[in-house]
Amino acid sequence: MKENPLNQQSVIKADLISGKYLEILSKDYVKNVSFVPFFGCFAQQNPLAYYAFNKLFLSFNFKNIIEIGTFDGGMSVMFSLLVHNSNAGAREGEGDCDNNYKFKSGQFERVPKNFHTFDVKIHNPHAIDTIELLGGHFHKEDCFENEQKIADIIKEDGRTLLLCDGGDKKREINTFSKYLKNGDIIMGHDYFESEKELETYKDEWSHPQLCYEDVKDCFDKEGITSINKGVFQPAYWLCGIKL
């Protein structure tokens, strides 16, 4: 009987301090764990995505996160939990609240304050309930038919993170990148740097949908620069900042 690669010891070489390129030494590991749940909520994510986003949130302070493409909601629940924690300041006068806890709770100020996720249908009602319970906002709406609504959120004061993970990532990036403010970050999922790389790894990732040529013109036009390649490309995400 062939052993499941999930039960094998798969080696990931990662420099967690400097964020150098995360090298996956076991292709079977990536191929068979492309759908990693977030504590019980299904998510179509490479396991490295959770590390990559945590690193992003330690580096940037966002006011709004906008996700296009909720699907089963695993990542949406994670972002909603960040919103929930951003409102969890130190509760003085309760129990044995000490100065150490007050310091730790102060770190939540760097966590996003608002999360909006858009999808044309509800795939997982339980996830939607959890998103809203934690303070996120689910919009059962077509992003292109509600372009101005999303644009208005992006234009609000404070840094925005826009995640393009719907059914047409190329169109999503090309449509909404023009609304970004300086310092805002835009991302696209199921990403490979080049068509050649996409072809090489298509057997390891089941939904390759985006490469740099798809967004190069709009990135050049809008002054968007790719960042954190070494952290996000192994997780199949494009990450760009408007300068």
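Here the structure is a predicted model, which is why all the values come from computation and not from measurement.

Quick word on the state of the cysteines
Right, so step 1: Scanning all chains against the criterion turns up 0 disulfides.
Right, so step 2: Take Cys218: it sits in no disulfide, and the sulfur closest to it among the cysteines is that of Cys164, at 9.2 Å.

Considering helix α5 (residues 125–133)
Right, so step 1: Looking at α5, one finds that the buried residues are Ala127, Ile128, Thr130 and Ile131. The arc that holds every buried residue of α5, seen down its axis, measures 165 degrees, which confines them to one face. Opposite its buried face, α5 presents the exposed residues Pro125, His126, Asp129 and Leu133, each directed more than 90 degrees away.
Right, so step 2: Where α5 is buried, its residues touch α3 (74–86), β4 (114–119) and β5 (137–140).

What about unusual backbone geometry?
Right, so step 1: A positive phi angle, close to 60 degrees, is found at Asp190, a residue other than glycine.
Right, so step 2: As for its placement among the helices and strands, Asp190 is situated in the loop between β7 (185–189) and β8 (191–192).
Right, so step 3: Phi at Tyr236 is positive, roughly 65 degrees, even though this residue is not glycine.
Right, so step 4: Mapped onto the elements, Tyr236 comes out in the loop between α10 (229–232) and β11 (237–242).
Right, so step 5: In this structure Tyr236 comes out as buried when scored by relative accessible area, which is 7%.

What about the sheet that holds β5?
Right, so step 1: Judged by pairing direction, the sheet is mixed, and its 7 strands sit side by side in the order β5-β4-β3-β6-β7-β11-β10 without closing on themselves. At either margin of the open sheet sits one strand with a lone partner, and together these are β5 and β10 (224–226). For this sheet, the mean angle separating the axes of adjacent strands, direction not counted, is 20 degrees.
Right, so step 2: The pairing of β4 with β5 spans 4 bridges and is classified as parallel. Bridged to Thr117 within β5 is Phe138.
Right, so step 3: Across the sheet, α3 touches β3 (64–68), β4 and β6 (160–164), and the angle it forms with β4 is around 160 degrees.

Some points on the side chain of His116
Right, so step 1: Checked against the element boundaries, His116 lands in strand β4.
Right, so step 2: Judged by its relative accessible area of 13%, His116 is buried.

Things to note about the packing of α3 against α5
Right, so step 1: Where α3 contacts α5, the two axes come as close as 8 Å, and the packing angle between them is 15 degrees. Relative to α5, the element α3 lies roughly parallel. Here α3 and α5 pass one another in a crossing that is left-handed. Each of Ser76, Val77 and Ser80 in α3 lies in contact with α5, whose residues at this interface are Ala127, Thr130 and Ile131.
Right, so step 2: Along the lines of polarity and charge, the residues of the contact of α3 with α5 split into 3 nonpolar, 3 polar and no charged.

Side note on the pattern of salt bridges
Right, so step 1: Counting across every chain of the model gives 8 salt bridges.
Right, so step 2: With a shortest N-O distance of 3.4 Å, Lys178 and Glu147 are connected by a salt bridge. Of this pair, Lys178 sits in the loop between α7 (169–176) and β7 while Glu147 sits in helix α6 (residues 147–154); the two residues are 31 residues apart in sequence, bridging distant segments of the chain.
Right, so step 3: By relative accessible area, which is 42% here, Lys178 ends up partly exposed.

Parameters and conventions
Residues numbered from 1 in each chain as written. Predicted model: local features only at pLDDT ≥ 70, side-chain atom pairs only at ≥ 80, totals over all residues. Heavy atoms only, no water. Disulfide = S-S within 2.5 Å. Buried < 20%, exposed > 50% of the residue type's maximum accessible area, 1.4 Å probe, protein only. Helix = DSSP H or I, 4+ residues; strand = E, 2+ residues; numbered from the N terminus. Arc of directions from axis to C-beta. Contact = heavy atoms within 4.5 Å. Pairing = 2+ DSSP bridges. Axes fitted to C-alpha atoms, helices over the stretch in contact; angles between N-to-C directions. Parallel < 35°, antiparallel > 145°, perpendicular 65-115°, else oblique. Left-handed = near helix turned anticlockwise from the far one by under 90°. Nonpolar A, V, L, I, M, F, W, Y, C, P; charged D, E, K, R; others polar. Salt bridge = Lys/Arg side-chain N within 4 Å of Asp/Glu carboxyl O.

So, to be careful, I would describe these as geometric facts and stop short of saying anything about function.
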